[in-house]
Amino acid sequence: MFALSLSRLLLQALPKKPVTPRATAQCIRSLTTSQQESLKKDDMPMKMENPYKSPLKTCILCNVTVDFKNVQLLSQFISPHTGRIYGRHITGLCGRKQKEVSKAIKKARSMGFMSVTLKDPQFIKDPDICGIKHFE
Amino acid sequence: MPRYELCVILKAMQRPETAAVLRRTVETLLERGAVVRSLESLGERRLPYKISKHDSRHTHGGYFSVDFHASPKIVSELLDHLERDIDVLRPTLLKKDPELSQTHCCGAQAEEAKSAASR
(Lines give C-alpha, C1' and ligand atoms only; values in the text may rest on other atoms or scores of the structure.)
Protein backbone atom coordinates (compact mmCIF):
# COMPACT_ATOMS: atom_id res chain seq x y z
CA MET A 1 0.00 0.00 0.00
CA PHE A 2 2.71 2.45 1.06
CA ALA A 3 4.81 1.70 -1.94
CA LEU A 4 1.94 2.33 -4.25
CA SER A 5 1.01 5.59 -2.60
CA LEU A 6 4.67 6.80 -2.77
CA SER A 7 4.90 6.08 -6.45
CA ARG A 8 1.57 7.90 -7.00
CA LEU A 9 2.92 10.92 -5.13
CA LEU A 10 6.04 10.87 -7.29
CA LEU A 11 3.98 10.62 -10.45
CA GLN A 12 1.89 13.58 -9.33
CA ALA A 13 5.02 15.59 -8.45
CA LEU A 14 6.71 15.01 -11.84
CA PRO A 15 5.39 17.28 -14.57
CA LYS A 16 3.57 15.45 -17.33
CA LYS A 17 3.76 18.12 -19.98
CA PRO A 18 6.88 20.11 -20.77
CA VAL A 19 6.88 23.40 -18.92
CA THR A 20 6.99 26.39 -21.25
CA PRO A 21 8.19 29.67 -19.75
CA ARG A 22 5.48 32.19 -19.50
CA ALA A 23 6.39 34.63 -22.23
CA THR A 24 5.77 38.17 -21.14
CA ALA A 25 6.06 41.29 -23.31
CA GLN A 26 9.44 42.25 -21.84
CA CYS A 27 10.95 38.86 -22.57
CA ILE A 28 10.03 38.70 -26.28
CA ARG A 29 12.07 41.83 -27.20
CA SER A 30 15.42 40.16 -26.60
CA LEU A 31 15.86 36.60 -25.56
CA THR A 32 19.53 37.44 -24.92
CA THR A 33 20.64 40.64 -23.21
CA SER A 34 22.62 43.34 -25.06
CA GLN A 35 25.71 42.60 -22.96
CA GLN A 36 25.67 38.99 -24.06
CA GLU A 37 25.36 40.09 -27.70
CA SER A 38 28.45 42.35 -27.55
CA LEU A 39 30.40 39.55 -25.90
CA LYS A 40 29.42 37.23 -28.74
CA LYS A 41 30.59 39.74 -31.38
CA ASP A 42 33.97 40.15 -29.65
CA ASP A 43 34.34 36.42 -29.45
CA MET A 44 34.15 35.86 -33.23
CA PRO A 45 37.55 35.19 -34.86
CA MET A 46 39.19 38.31 -36.29
CA LYS A 47 40.63 38.22 -39.77
CA MET A 48 44.40 38.58 -39.65
CA GLU A 49 47.48 37.46 -41.56
CA ASN A 50 48.81 34.05 -40.61
CA PRO A 51 51.13 34.78 -37.63
CA TYR A 52 52.92 31.47 -38.08
CA LYS A 53 53.83 32.14 -41.68
CA SER A 54 57.35 30.86 -42.40
CA PRO A 55 59.71 33.17 -44.35
CA LEU A 56 59.96 32.54 -48.08
CA LYS A 57 62.60 30.04 -49.10
CA THR A 58 65.42 31.80 -50.95
CA CYS A 59 68.69 30.59 -52.38
CA ILE A 60 72.02 32.23 -51.50
CA LEU A 61 72.21 34.33 -54.64
CA CYS A 62 68.60 35.51 -54.43
CA ASN A 63 69.16 39.25 -54.91
CA VAL A 64 72.75 39.11 -56.16
CA THR A 65 73.62 39.91 -59.79
CA VAL A 66 75.90 37.29 -61.31
CA ASP A 67 78.58 38.78 -63.60
CA PHE A 68 81.28 37.02 -65.62
CA LYS A 69 83.80 39.61 -64.40
CA ASN A 70 83.22 38.64 -60.76
CA VAL A 71 85.66 35.74 -60.86
CA GLN A 72 85.85 35.36 -57.07
CA LEU A 73 82.13 34.73 -56.75
CA LEU A 74 82.11 32.28 -59.64
CA SER A 75 85.14 30.43 -58.24
CA GLN A 76 83.10 29.51 -55.16
CA PHE A 77 80.98 27.19 -57.32
CA ILE A 78 83.82 25.22 -58.90
CA SER A 79 85.97 22.40 -57.60
CA PRO A 80 89.41 23.50 -56.33
CA HIS A 81 91.05 20.36 -57.68
CA THR A 82 89.60 20.07 -61.18
CA GLY A 83 87.83 23.38 -61.83
CA ARG A 84 84.56 21.60 -62.65
CA ILE A 85 81.27 23.35 -62.00
CA TYR A 86 79.26 21.89 -59.11
CA GLY A 87 75.77 20.56 -59.77
CA ARG A 88 72.50 21.91 -58.37
CA HIS A 89 72.35 19.27 -55.64
CA ILE A 90 75.67 20.52 -54.28
CA THR A 91 75.37 24.29 -54.65
CA GLY A 92 71.75 24.47 -53.43
CA LEU A 93 70.88 27.27 -55.86
CA CYS A 94 67.52 27.68 -57.50
CA GLY A 95 67.16 26.73 -61.18
CA ARG A 96 67.48 30.27 -62.45
CA LYS A 97 70.61 31.21 -60.55
CA GLN A 98 72.33 27.89 -61.23
CA LYS A 99 71.87 28.48 -64.96
CA GLU A 100 73.14 32.04 -64.67
CA VAL A 101 76.20 30.94 -62.73
CA SER A 102 77.13 28.13 -65.10
CA LYS A 103 76.65 30.40 -68.13
CA ALA A 104 78.81 33.08 -66.54
CA ILE A 105 81.55 30.59 -65.70
CA LYS A 106 81.66 29.30 -69.27
CA LYS A 107 81.68 32.86 -70.61
CA ALA A 108 84.50 33.87 -68.28
CA ARG A 109 86.53 30.82 -69.31
CA SER A 110 86.26 31.55 -73.01
CA MET A 111 86.99 35.25 -72.58
CA GLY A 112 90.18 34.64 -70.61
CA PHE A 113 88.97 35.70 -67.16
CA MET A 114 88.84 32.33 -65.44
CA SER A 115 90.89 29.17 -65.62
CA VAL A 116 89.36 25.97 -66.94
CA THR A 117 91.21 23.20 -65.14
CA LEU A 118 91.87 24.77 -61.77
CA LYS A 119 90.69 27.27 -59.21
CA ASP A 120 92.71 30.48 -58.90
CA PRO A 121 95.08 29.99 -55.90
CA GLN A 122 94.13 33.33 -54.34
CA PHE A 123 90.49 32.17 -54.07
CA ILE A 124 91.11 28.79 -52.47
CA LYS A 125 90.81 30.15 -48.93
CA ASP A 126 87.35 31.61 -49.62
CA PRO A 127 84.43 30.54 -47.36
CA ASP A 128 82.82 27.27 -48.39
CA ILE A 129 79.26 27.75 -49.72
CA CYS A 130 78.67 24.37 -51.24
CA GLY A 131 79.67 22.27 -48.24
CA ILE A 132 81.14 19.47 -50.32
CA LYS A 133 83.52 17.00 -48.70
CA HIS A 134 86.40 16.07 -50.92
CA PHE A 135 88.03 12.68 -50.71
CA GLU A 136 91.22 12.96 -48.69
CA MET B 1 70.74 51.32 -80.91
CA PRO B 2 71.66 48.16 -79.03
CA ARG B 3 74.23 48.37 -76.28
CA TYR B 4 77.45 46.40 -76.53
CA GLU B 5 80.34 45.64 -74.21
CA LEU B 6 83.81 45.03 -75.57
CA CYS B 7 86.14 43.19 -73.20
CA VAL B 8 89.72 43.25 -74.48
CA ILE B 9 92.83 41.66 -73.09
CA LEU B 10 95.88 43.63 -74.18
CA LYS B 11 99.49 42.55 -74.14
CA ALA B 12 101.40 43.50 -70.96
CA MET B 13 103.02 46.76 -72.06
CA GLN B 14 104.23 50.05 -70.69
CA ARG B 15 101.68 52.72 -69.93
CA PRO B 16 102.14 54.99 -73.01
CA GLU B 17 101.89 52.02 -75.35
CA THR B 18 98.72 50.70 -73.68
CA ALA B 19 97.25 54.20 -73.91
CA ALA B 20 98.07 54.29 -77.64
CA VAL B 21 96.36 50.93 -78.25
CA LEU B 22 93.24 51.99 -76.37
CA ARG B 23 93.20 55.30 -78.21
CA ARG B 24 93.26 53.70 -81.63
CA THR B 25 90.62 51.13 -80.57
CA VAL B 26 88.22 53.83 -79.43
CA GLU B 27 88.96 55.87 -82.56
CA THR B 28 87.98 52.95 -84.79
CA LEU B 29 84.77 52.66 -82.78
CA LEU B 30 83.97 56.33 -83.22
CA GLU B 31 84.84 56.20 -86.94
CA ARG B 32 82.15 53.57 -87.43
CA GLY B 33 79.55 55.69 -85.67
CA ALA B 34 79.51 54.21 -82.19
CA VAL B 35 78.67 56.22 -79.09
CA VAL B 36 81.20 55.25 -76.44
CA ARG B 37 79.67 55.25 -72.98
CA SER B 38 82.64 54.36 -70.79
CA LEU B 39 86.09 52.81 -70.80
CA GLU B 40 87.07 50.88 -67.67
CA SER B 41 90.32 49.25 -66.64
CA LEU B 42 89.92 45.90 -64.88
CA GLY B 43 93.59 45.86 -63.94
CA GLU B 44 96.72 44.18 -65.21
CA ARG B 45 96.82 40.61 -64.01
CA ARG B 46 98.22 37.20 -64.65
CA LEU B 47 96.23 35.38 -67.31
CA PRO B 48 94.32 32.26 -66.12
CA TYR B 49 96.02 30.22 -68.86
CA LYS B 50 98.81 30.94 -71.35
CA ILE B 51 97.46 32.56 -74.50
CA SER B 52 99.34 32.11 -77.78
CA LYS B 53 98.56 34.96 -80.13
CA HIS B 54 100.44 36.61 -82.99
CA ASP B 55 103.37 34.18 -82.73
CA SER B 56 104.07 34.59 -79.02
CA ARG B 57 103.01 33.04 -75.74
CA HIS B 58 101.66 35.46 -73.10
CA THR B 59 101.28 35.03 -69.34
CA HIS B 60 100.25 38.55 -68.27
CA GLY B 61 97.77 40.98 -69.74
CA GLY B 62 95.80 44.14 -69.18
CA TYR B 63 92.02 43.82 -68.99
CA PHE B 64 89.84 46.63 -70.32
CA SER B 65 86.12 47.02 -70.85
CA VAL B 66 84.47 49.45 -73.30
CA ASP B 67 80.76 50.09 -73.03
CA PHE B 68 79.17 51.57 -76.15
CA HIS B 69 76.07 51.94 -78.30
CA ALA B 70 76.41 51.00 -81.96
CA SER B 71 74.53 49.67 -84.96
CA PRO B 72 74.70 45.86 -85.39
CA LYS B 73 76.32 46.22 -88.85
CA ILE B 74 79.76 47.18 -87.52
CA VAL B 75 80.10 44.15 -85.21
CA SER B 76 81.82 41.79 -87.64
CA GLU B 77 84.10 44.53 -89.05
CA LEU B 78 85.13 45.55 -85.57
CA LEU B 79 85.99 42.03 -84.47
CA ASP B 80 88.01 41.51 -87.67
CA HIS B 81 89.94 44.71 -87.02
CA LEU B 82 90.70 43.74 -83.43
CA GLU B 83 91.85 40.25 -84.39
CA ARG B 84 94.42 41.78 -86.73
CA ASP B 85 95.79 44.15 -84.07
CA ILE B 86 99.08 42.74 -82.74
CA ASP B 87 98.72 44.14 -79.25
CA VAL B 88 95.24 42.74 -78.61
CA LEU B 89 95.30 39.20 -77.21
CA ARG B 90 91.61 38.42 -76.89
CA PRO B 91 88.78 40.69 -78.03
CA THR B 92 85.25 39.74 -77.01
CA LEU B 93 82.12 41.62 -77.98
CA LEU B 94 78.96 41.02 -75.96
CA LYS B 95 75.49 42.39 -76.29
CA LYS B 96 74.15 43.89 -73.07
CA ASP B 97 70.67 42.60 -72.31
CA PRO B 98 68.25 44.77 -70.34
CA GLU B 99 68.44 43.67 -66.72
CA LEU B 100 65.71 41.37 -65.47
CA SER B 101 63.74 42.62 -62.51
CA GLN B 102 65.09 41.24 -59.26
CA THR B 103 61.61 40.99 -57.72
CA HIS B 104 60.86 37.78 -59.58
CA CYS B 105 63.59 35.89 -57.76
CA CYS B 106 63.44 32.67 -55.68
CA GLY B 107 60.88 33.61 -53.01
CA ALA B 108 58.35 35.06 -55.41
CA GLN B 109 58.79 32.07 -57.74
CA ALA B 110 58.15 29.58 -54.93
CA GLU B 111 55.02 31.49 -53.93
CA GLU B 112 53.69 31.48 -57.44
CA ALA B 113 54.35 27.76 -57.75
CA LYS B 114 52.49 27.07 -54.49
CA SER B 115 49.47 29.16 -55.43
CA ALA B 116 49.38 27.53 -58.87
CA ALA B 117 49.54 24.04 -57.31
CA SER B 118 46.79 24.77 -54.77
CA ARG B 119 44.37 25.97 -57.44
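Residues numbered from 1 in each chain as written. Chains lettered and ligands numbered in written order. Predicted model: local features only at pLDDT ≥ 70, side-chain atom pairs only at ≥ 80, totals over all residues. Heavy atoms only, no water.

Selection rule: UniProt positions are given in the numbering used here, feature names are shortened, and annotations may be inferred rather than shown by experiment.
Named according to an unreviewed UniProt entry, chain B is Small ribosomal subunit protein bS6m originating from Cyprinus carpio carpio. Checking UniProt for chain B, the heading Sequence similarities (unreviewed entry) contains the comment "Belongs to the bacterial ribosomal protein bS6 family."

The name an unreviewed UniProt entry assigns to chain A is Small ribosomal subunit protein bS18m, from the organism Cyprinus carpio carpio. We quote the UniProt Sequence similarities (unreviewed entry) comment for chain A here in full: "Belongs to the bacterial ribosomal protein bS18 family." Of the comments in the UniProt record for chain A, the one headed Subcellular location (unreviewed entry) reads "Mitochondrion".

1. Concerning the overall build of chain B
Where we set the bar: Numbering of helices and strands runs from the N terminus; a helix is a DSSP stretch of H or I covering at least four residues, while a strand is a stretch of E covering at least two. We call two residues in contact when some of their heavy atoms are within 4.5 Å. Computed with a 1.4 Å probe, the accessible areas rest on the Shrake-Rupley method; for each residue, only the protein chains presented here act as cover.
Each helix and strand counted, chain B has three helices and four strands in total. The N-to-C order of helical and strand elements in chain B reads β-α-β-β-α-β-α. Restricting to contacts in chain B with at least 6 residues of sequence separation, those with at least 24 account for 72%. Per element, the accessible surface of chain B, about 7400 Å² overall, is 51% carbon and sulfur.

2. Things to note about the sheet that holds strand 2 (residues 35-53) of chain B
Residue and element names in this part refer to chain B. Rule in force here: In short, DSSP must find at least two bridges between two strands for them to pair. Axis definition: a line fitted to C-alpha atoms, over the contacting stretch in the case of helices. Angles run 0 to 180 degrees between N-to-C directions.
Within the open sheet, the four strands sit side by side as 2-3-1-4. Their pairing is antiparallel. The sheet is open, and its two edges are formed by strand 2 and strand 4 (88-95), each paired on a single side. Within the sheet, the average angular offset between the axes of one strand and its neighbour, ignoring direction, is 20°. For strand 2 and strand 3 (residues 56-69), the ladder comprises 13 bridges, and the chain directions are antiparallel. Residue pairing across strands places Lys53 opposite Ser56, the latter belonging to strand 3.

3. Focus on the interface of chain A and chain B
Put simply, the test is: When two parts are brought into contact, each loses some accessible area as probed by a 1.4 Å sphere; the total of that loss over both is the buried area. When a carboxyl oxygen of Asp or Glu lies within 4 Å of a side-chain nitrogen of Lys or Arg, that pair is called a salt bridge. Residues adjacent in sequence count toward polar contacts only when both atoms are side-chain atoms; beyond that, a polar contact is any pair of N or O atoms within 3.5 Å, and within protein one must be able to donate a hydrogen and the other to accept it.
Each side of the interface is counted separately: chain A has 23 residues, and chain B has 20 residues. Here chain A packs against chain B, burying approximately 1800 Å² in sum over the two surfaces, 61% of which is carbon and sulfur. Interface area lost by chain A to chain B is led by Arg96(A), Met111(A) and Phe113(A), which between them contribute 33%. With a shortest N-O distance of 2.6 Å, Lys69(A) and Glu5(B) are connected by a salt bridge. Across the chain A-chain B interface, the total number found is five residue pairs in polar contact (both at pLDDT 80 or more).

4. Thoughts on the pattern of salt bridges
Operational definition: Only protein chains enter the accessibility calculation, which uses a 1.4 Å probe; a residue is then buried when its area is under 20% of its type maximum, exposed when over 50%, and partly exposed in between.
Per the counting criterion, the structure on display carries 12 salt bridges over all chains. The residue Glu100(A) makes a salt bridge to Lys97(A) at a minimum N-O spacing of 3.3 Å. Within this pair, Glu100(A) and its partner Lys97(A) are both found in helix 6 (residues 95-111), separated by three residues, close to a single helical turn. Its relative accessible area of 28% is what places Glu100(A) among the partly exposed residues. Arg3(B) is paired through a salt bridge with Asp67(B); the nearest N and O atoms lie 3.0 Å apart. Residue Arg3(B) is found in strand 1 (residues 3-11), and its partner Asp67(B) is found in strand 3; the two are separated by 64 residues along the sequence. Residue Arg3(B) is classed as partly exposed on the basis of its relative accessible area of 27%. In this structure, a network of salt bridges that share partners links the residues Lys69(A), Arg3(B), Glu5(B), Asp67(B) and Lys96(B).

5. Describing the environment of Leu73(A)
Residues and elements named next belong to chain A. Mapped onto the fold, Leu73 is located in helix 4 (residues 71-75). A relative accessible area of 14% means that Leu73 is categorised as buried. Considered as a pair, Leu73 and Ile85 are 12 residues apart in the sequence and their alpha carbons are 13 Å apart. Once residues lying within four places of it in the same chain are set aside, the contact partners of Leu73 are Leu61 and Val64.

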